[in-house]
Amino acid sequence: MKKKTTVYEDEEAKRQKYAEEHIVECPHCGEGVFDHMKTCPHCGGKLDPKGYNPLTDKQIKKIKTVTWIVGMVIAVTVVILYFALWKK
Ligand SMILES: [Zn+2]
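As the structure is a prediction and not an experimental result, all values here were calculated from the model. (Residues numbered from 1 in each chain as written. Predicted model: local features only at pLDDT ≥ 70, side-chain atom pairs only at ≥ 80, totals over all residues.)

Engineer: Tell me about the overall build of the protein, and name the residues and values.
Structural biologist: When helices and strands are tallied, the protein shows 2 helices and 2 strands. Secondary structure elements of the protein occur, N-terminal to C-terminal, as α-β-β-α. Here the protein holds 88 residues, and the buried ones make up 1% of them. Across the protein, the fraction of contacts at a sequence separation of at least 24, relative to all contacts at a separation of at least 6, is 2%. (Helix = DSSP H or I, 4+ residues; strand = E, 2+ residues; numbered from the N terminus. Buried ≥ 20, exposed ≤ 12 C-beta atoms within 10 Å, placed from the backbone. Contact = placed C-beta atoms within 7 Å.)

Here is the structure:
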């Protein structure tokens, strides 16, 4: 019971720390908003998200290629393992 409470408090502290680090003042209404938000939830004003990093087409293509290669390697490994075990 005591351990559970400690874990919960740690999570809460972590969340609070995150919030403190990432909350910025809205330039339109002065309310606290997260720095990754594109629009202010309080006044609907447009924000300049510094924490927000949209992926470029080039990055998406790169991720897709890497995912494909990783998938192929896993597939080949599975096939090799299957035949290695099957031969036994
Ligand atoms: Zn605002």
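Engineer: Please provide a residue-by-residue account of the environment of Val24, values included.
Structural biologist: As for its placement among the helices and strands, Val24 is situated in strand β1 (residues 23–25). Its 17 C-beta neighbours within 10 Å are what place Val24 among the partly exposed residues. When the C-alpha positions of Val24 and Asp35 are compared, they lie 5.8 Å apart, and in sequence the two are 11 residues distant.

Engineer: Any chance you could break down the confidence of the model for the protein for me, citing the residues and the numbers?
Structural biologist: Low pLDDT marks stretches whose predicted atomic positions should not be read closely. Across the protein, pLDDT averages 86, with 88% of residues at or above 70. For the protein, the element scoring lowest by mean pLDDT is helix α1 (residues 2–22), at 79; helix α2 (residues 57–87) scores highest, at 94. (pLDDT = per-residue confidence, 0-100.)

Engineer: Go over the environment of His36 with me, naming the residues and quoting the values.
Structural biologist: Within the fold, His36 resides in the loop between β2 (32–34) and α2. Separated by 12 residues in the primary sequence, His36 and Val24 place their C-alpha atoms 9.5 Å from one another.

Engineer: How would you summarise the environment of Lys50 if you had to cite specific residues and measurements?
Structural biologist: Relative to the helices and strands, Lys50 is located in the loop between β2 and α2. A sequence separation of 15 residues divides Lys50 from Asp35, and the C-alpha atoms of the two residues are 6.1 Å apart.

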